[in-house]
Each structure stands twice: as structure tokens, then as C-alpha cells.
Amino acid sequence: MAPASYPALSVPDLAWNNLQLEALGGIVYTTLPLADGKFYVAGNFTSTNGTRSPMVFRASADGSVDPTFVAPEIDGNVRTLAVQADDRLFIGGDFLRVN
């Protein structure tokens, strides 16, 4: 049986700042919207708009890189994301190490 209601989540508007995605120089495999309007972007890239963001970054609702998120070093592709209630980010994909 499904819950009676789901929390409202912001869905990123992918029409925002197309330069953001073009400047990745790689592939986006997944995005994960957050309740506060921010969202995670993950895939196979090492920077976005000149900001180091190896394989994952958090963006503000307008698509700009959130400088408060420090991405871990990941040695492969990130293909899936999940966030716990305490805001801990989980990643899955084709990698052996996260530092």
C-alpha cells in the first residue's frame, strides 16, 4: 500500500543555464532533487564551469554550483544517488574508491 501523501520535492528545471551542462565536459547519468530546491548532479565528469566537481556536484535551484558542497574524490562513474533523512548522500556506480 502506498503512503497517503509524498513530500513535495522541487524538480530541477533543465532549461536553466544550459551552459552549466555544456561546461561539464562529460556525461550526466542522474540528478536528484532536494526539498530545499537544490539538487545533485552525477555522472562522468571532473569539473563544471571551471569548478572542480569530480563525478558529483550539488547545484542551487538556478543551476549554479553550490560552493558549500565538497565533492569526494571518486575513481569512476556515479550512476545513482540517494539521500537519507539526515542529508547524508549515498552514491552508486562503477568505481572502486571514494576518498
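Here the structure is shown first, and the text comes after it.
Here the structure is a predicted model, which is why all the values come from computation and not from measurement.

## Looking at the packing of aromatic side chains
Part 1 of the argument: All told, the structure shown has two aromatic pairs when counted by the stated rule.
Part 2 of the argument: Look at Tyr40 and Phe69: their rings are 5.3 Å apart centre to centre, the planes differ by 70°, and that puts the pair in the edge-to-face class. Placement of Tyr40 in strand S2 (residues 39-44) and of Phe69 in the loop between strand S5 (56-59) and strand S6 (77-83) is noted, with a sequence separation of 29 residues between them.
Part 3 of the argument: On the basis of an interplanar angle of 70° and a centroid distance of 5.9 Å, the ring pair of Phe45 and Phe57 is categorised as edge-to-face. Linking Phe45 in the loop between S2 and strand S3 (47-48) with Phe57 in strand S5, this pair joins segments that are 12 residues apart in sequence. Phe57 matches Phe45 in its accessibility class, with the two residues each being buried.
Part 4 of the argument: Above the plane of the ring of Tyr29 lies Arg79, whose end atom (NZ or CZ) is 4.2 Å from the centre.

## Here we look at unusual backbone geometry
In terms of backbone geometry, most residues other than glycine have negative phi values and most peptide bonds are trans.
Part 1 of the argument: Phi is positive for Met55, close to 75°, though the residue is something other than glycine.
Part 2 of the argument: The phi dihedral of Asp87 is positive, around 75°, even though this residue is not glycine.

## Considering the sheet that holds S5
Part 1 of the argument: Taken in spatial order, the three strands line up as S1-S2-S5 in an open sheet, and their pairing is antiparallel. Pairing within the sheet leaves two strands with one partner each, and these edge strands are strand S1 (27-33) and S5. Across the sheet, the mean angle separating the axes of adjacent strands is 25° when strand polarity is ignored.
Part 2 of the argument: Here S2 pairs with S5 via four bridges, running antiparallel. What sits directly across from Ala42, in S5, is Val56.

The rules behind these values
Residues numbered from 1 in each chain as written. Predicted model: local features only at pLDDT ≥ 70, side-chain atom pairs only at ≥ 80, totals over all residues. Heavy atoms only, no water. Phe/Tyr/Trp six-rings, centres within 6.5 Å; stacked < 30°, edge-to-face > 60°. Helix = DSSP H or I, 4+ residues; strand = E, 2+ residues; numbered from the N terminus. Buried < 20%, exposed > 50% of the residue type's maximum accessible area, 1.4 Å probe, protein only. Lys NZ or Arg CZ within 6 Å of the ring centre and 35° of its normal. Pairing = 2+ DSSP bridges. Axes fitted to C-alpha atoms, helices over the stretch in contact; angles between N-to-C directions.

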